[in-house]
Amino acid sequence: MYHQDAATDFGRWRELVSGSFVPLEVEQTGPGPFRGHLSGRHLQELAIMQVSAGAHAVVRTPELIRPATGARPASGHYKLNLQVSGYGLLVQDGRETVLSPGDLAIYDTERPYSLAFEEEFSTLVLMFPRQLTGLSAEDIGEMTATTMGAGHRLGQAVVPFITQIGAMLPTLDGPIGHRLALNVVDLLSTVLADELYSRHDADGTQQNRLLRRIHHFIESQLANPDLDPDLVAAAHYLSTRSLHQLFATTDHTVARWIRVRRLEQCRRDLLDPLHHDLPVGAIGARWGLPDPAHFSRVFRAEFGRSPAQYRSLHR
């Protein structure tokens, strides 16, 4: 559902911002009365919001990130910011970048960050689960608080599309709206991958480049039911032990990454209106999980519901 909210006092704005995204500390930084406007949609697991407001700053602190005692740890979200007007300063992971109109930047809600605006501004914000990019947290961690957009060879092609999606927000709903939002994430993933693979500076170690090639190989082989650590290792002329040692530097094992990426593709197909007549078992099989019982079991473990229940809940 499309919604719009306006605030003429800062207390109300603080509630709107934290309620629409993730819990944040919010501080007014400009003099005089404050006005802010927030509009947008939640499209299942994604949110697209247009934010226009006066000078203020938001901070995501470690205390706000830490889950409550006994709570299941969240998988986390990334935010993509498209600066429409005004200027902002984004700080995360020891980097800071000035956001100018037309700039894109990504940041991770599971790590501390701050975003400050010293004058009136407008931004378009897309918030989406981390696993949608198909890139590892380590790779994305190299890209937070860096700008893309007008000066980036692919970013400059993506910005007009995202801008148009923002203009369509009042009418962008239902399964097609969700599919379009996923297309934005897919385009962003392409921009990020292009940036990562084109880097040849000092931090582009041989180990990092090998990891990226392996992640790309896994992504291309998800439909292969024989995909496992042994196959991945053989394809890269590694022993399986060496492959596991390589992945020990990441936040996931080889098998876990294969499973997560397969299940994410299955989840997307279950929500896709173009696949609503495709049986659940066929969706599992097309992503390398041909055993229906096994598919149902691992899907439930990851998402808390069976594939059929998940599809029914989100129709």
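Above this note sits the structure.
Residues numbered from 1 in each chain as written. Predicted model: local features only at pLDDT ≥ 70, side-chain atom pairs only at ≥ 80, totals over all residues. Heavy atoms only, no water.

1. Some points on the sheet that holds strand E4 (residues 46-53)
Strand pairing in a sheet relies on backbone hydrogen bonds, with the paired strands running either antiparallel or parallel. Spatially, the 6 strands line up as an open sheet ordered E1-E3-E4-E11-E6-E9, and their pairing is antiparallel. Edge positions in the open sheet fall to strand E1 (3-7) and strand E9 (104-108), since each of these has one partner strand only. Strand after strand, the sheet turns through a mean of 20 degrees between neighbouring axes, direction not considered. Both strand E6 (residues 77-85) and E9 contribute to a ladder of 5 bridges, which runs antiparallel. Looking at E9, one finds that Tyr-78 is bridged to Asp-108. Packed onto the sheet, helix H5 (residues 174-197) meets strand E3 (36-43), E4, E6, E9 and strand E11 (121-129) and runs at close to 80 degrees relative to E4. (Pairing = 2+ DSSP bridges. Helix = DSSP H or I, 4+ residues; strand = E, 2+ residues; numbered from the N terminus. Axes fitted to C-alpha atoms, helices over the stretch in contact; angles between N-to-C directions. Contact = heavy atoms within 4.5 Å.)

2. Some words on the packing of helix H9 (residues 254-271) against helix H11 (residues 292-303)
Here H9 crosses H11 at 90 degrees, and the two axes come no closer than 10 Å. Classified by the angle their axes make, H9 and H11 are roughly perpendicular. From H9, Arg-256, Arg-259, Val-260, Leu-263, Glu-264, Cys-266, Arg-267 and Leu-270 reach across to H11, where they touch Phe-295, Val-298, Phe-299, Glu-302 and Phe-303. (Parallel < 35°, antiparallel > 145°, perpendicular 65-115°, else oblique.)

3. Description of H11
Note on helix geometry: an α-helix contains 3.6 residues per turn, so any two residues three or four positions apart are oriented the same way. With 12 residues, H11 extends 16 Å between its outermost C-alpha atoms, agreeing within 8% with the 16 Å of an ideal straight helix rising 1.5 Å per residue. What H11 keeps buried is the set Phe-295, Val-298, Phe-299 and Phe-303. Within H11, the buried residues cover an arc of 115 degrees as seen down the axis, which keeps them to one side. Relative to its buried face, H11 has exposed residues pointing more than 90 degrees away, namely Arg-297 and Ala-301. Each element contacted by the buried residues of H11 is listed here: H9, helix H10 (280-286) and helix H12 (307-313). By the N-cap criterion, in which a side-chain oxygen at the helix start approaches the backbone nitrogen of a residue two or three places on, H11 is capped by Asp-291, the distance to Ala-293 being 3.0 Å. Where H11 terminates, the next one or two residues include Gly-304, which has phi positive at roughly 85 degrees. (Expected span 1.5 Å × (residues − 1). Buried < 20%, exposed > 50% of the residue type's maximum accessible area, 1.4 Å probe, protein only. Arc of directions from axis to C-beta. Polar contact = N/O pair within 3.5 Å; in protein donor to acceptor, adjacent residues only side chain to side chain.)

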